[in-house]
Structures are given as C-alpha cells and as structure tokens.
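# Examining the three-dimensional arrangement
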Amino acid sequence: MLNVKSIAIDGPSGAGKSTLAKRLAEALGFRYVDTGAIYRTLGLMAFRKEVAPENASAVAELLYHQDIRLDYDKAGAQHMYLDGEDVTDEIRRPEVSRYASGVSAIPAVRNFLLSMQRDLAKMHNVIMDGRDIGTVVLPNADVKIFLTASQEDRARRRYEDLRTRGMDTPYEQVLADMIERDHRDSTRETAPLRQAEDAVLVDTTGQQPDESYAVLLEMIRRKLDA
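Here's what I pulled together on the structure shown here.

Parameters and conventions
Every chain is numbered independently, its residues counted from 1 as its sequence is written. The predicted nature of this model means local features are confined to residues of pLDDT at least 70 and side-chain atom pairs, given and counted, to a pLDDT of 80 or more, with totals for whole chains, interfaces and linings taken over all residues. Processing note: side-chain calculations cover all non-hydrogen atoms of the structure and skip hydrogens and water entirely. Where helices and strands are cited, they refer to DSSP runs of H or I of at least four residues and of E of at least two residues respectively, numbered from the N terminus. Throughout, a contact is declared for two residues whenever any of their heavy atoms are within 4.5 Å. Expected span of a helix: the number of residues minus one, times 1.5 Å. Note on bend: at a given residue it equals the angle between the axes fitted to the 7 residues ending there and to the 7 starting there. The rule is simple: take the accessible area with a 1.4 Å probe, protein chains only, and divide by the maximum for that residue type; under 20% is buried, over 50% is exposed, in between is partly exposed. Strands were regarded as paired on the criterion that DSSP finds at least two bridges between them. Throughout, an axis means a line fitted to C-alpha atoms (over the contacting stretch in the case of helices), and angles, computed between N-to-C directions, take values from 0 to 180 degrees. Roughly parallel refers to an angle under 35 degrees, roughly antiparallel to one over 145, roughly perpendicular to one between 65 and 115, and oblique to any angle outside these ranges. For a crossing to be left-handed, the near helix must be turned anticlockwise from the far one by less than a right angle; the clockwise case is right-handed. Here the term charged refers only to Asp, Glu, Lys and Arg, the term nonpolar to Ala, Val, Leu, Ile, Met, Phe, Trp, Tyr, Cys and Pro, and the term polar to all other amino acids, Gly among them.

So, on to the side chain of Ser104. Relative to the elements of secondary structure, Ser104 occurs in the loop between helix H4 (94-103) and helix H5 (107-123). In this view, Ser104 contacts Tyr39, Arg110 and Arg188; residues no more than four positions away in its chain are not counted.

Here H5 is 17 residues long and its end C-alpha atoms lie 25 Å apart, about the 24 Å a rise of 1.5 Å per residue gives. Approximately 30° is the largest bend angle found in H5, and it occurs at Leu113. Along H5, the positions that sit buried rather than exposed are Val109, Arg110, Leu113, Leu114, Gln117, Leu120 and Ala121. Taken together, the buried residues of H5 touch strand S2 (31-34), helix H2 (35-48), helix H3 (56-63), H4, strand S6 (126-130) and helix H6 (133-137).

It is worth spelling out the sheet that holds strand S5 (residues 85-86) at this point. Read from one edge of the open sheet, 3 strands run S3-S4-S5, paired in antiparallel fashion. Strand pairing shows two members of the sheet lacking a second neighbour, strand S3 (68-72) and S5, which therefore form its edges. As judged from the 5 bridges shared by S3 and strand S4 (residues 78-82), these two strands associate in the antiparallel manner. Looking at the pairing, Leu70 lines up with Met80 of S4. Contacts between H2 and the sheet are confined to S3, S4 and S5, with S4 contributing the most and set at about 25° to the helix.

Now for the packing of H2 against H5. As a packed pair, H2 and H5 sit with axes 12 Å apart at the nearest point and diverge in direction by 140°. Our classification of the angle between H2 and H5 gives oblique. You can see that H2 and H5 cross each other, and the crossing is right-handed. Where H2 approaches H5, its residues Thr35, Ile38, Tyr39 and Leu42 are matched on the opposing element by Val109, Arg110, Leu113, Met116 and Gln117. Taken together, the residues of the contact of H2 with H5 break down into 6 nonpolar, 2 polar and 1 charged.

Here is the structure:
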C-alpha cells in the first residue's frame, strides 16, 4: 500500500481555498485537487442541458450520458473537461456557480463523485479542497483545515477574480450570491458545509494571500512532521 498523505481544506465560497491550496501543493510537492471545479462542471452540464439544478432525478440521469474528466497540464494545473472540451474558465461564471451549488446537494451526484475523489487520494499525496472533504470525502486526512473569512471579504475577492477573467459582475450581486450560496451549502441535507471536529479553523479576513499562505504552510509542515 502506498504511503501517501492527504490534506483536507474546507470552507465557504470565496475563502481563498483554491488559491492557497494551489500554492501549498506546489511548495509541498503534493497534487492539488479542486473538488469544487468538478461540481461546477456538473453545474455547467445541467445549465447547458437546461435541466433545473433542483431536479434531482433529471440531473442524476445526465451523469451517465456525459464525459466529465479531470486532468493536469505539464505545469501541474488542474483542468476540467466536459465531453472533451476544456471548460476550466467557463465553470467560474456566476450562473454556473448557482447551478453547481444546486447539483452538489443531490445525493446521487455526491455518490457518483466520491470514489473519483478518494481514488486520487489513494494514489497521490493530495491537497483537496471543497465543502465536505474533512467530514465526508477524506475523514481520515492527515491534516484538516477549515478556511473562512467574512462574507464581505469573500465577496470582494470573488468580485476581483471575476474582473480579472473579464466578467464585470456588480459587487452587490456577487455579495448577494455569496450569502445565498452560504445558506444553501450550510443547510442542505446531504454533506452540508461544516467544520470537522478535528479541523483547525483559520480566518483570513483582512489578510493578504501571502500572510495566509505562510501561516498555513508552517502549520501543515508541523502537523505532517508530528
């Protein structure tokens, strides 16, 4: 059996999970797995097929008729493919985010993806981020972190990220969408967003990315060496 390590980073949308996990994975030589991107790809699938994300049976039926694939480029960056098309950028659009939150609450969807995520952790040292990594996907992860920040701070970060991608969505709409998604993610019946009992809480409100990165890297190294 491979002697691999796993790091679980959970937290609400816009907390900086993806940005920080990518840097941490590079520093540690781990593979970064953005599970949110997988659900976003499923959300895009439903959006394109005009299937309502709350229509559980219709979404579940789509799962077996689409080719959804996760891969990495030569630089180690994760890419998502839908029927052979690289949709890595398109899945970040706000309308896709709303669909992603809806489909991710469907038990059949989460069961469909669970083995994919766990298989990656069996074969590689991974840093995996999402909503339920430490509680459901990798309950025995070597390090568990719950990353959060104020809703206003997270909305600002998401707003700035969208602008860099050429999407001029008003900040007020980004904040409203953030508040709505927090509510959906934390109150859904299946794998709700919550902090694992043995996860370390890290609040990055007001911090620059470099500050948060330094704190997390030191803590992870200490725990892995323990």
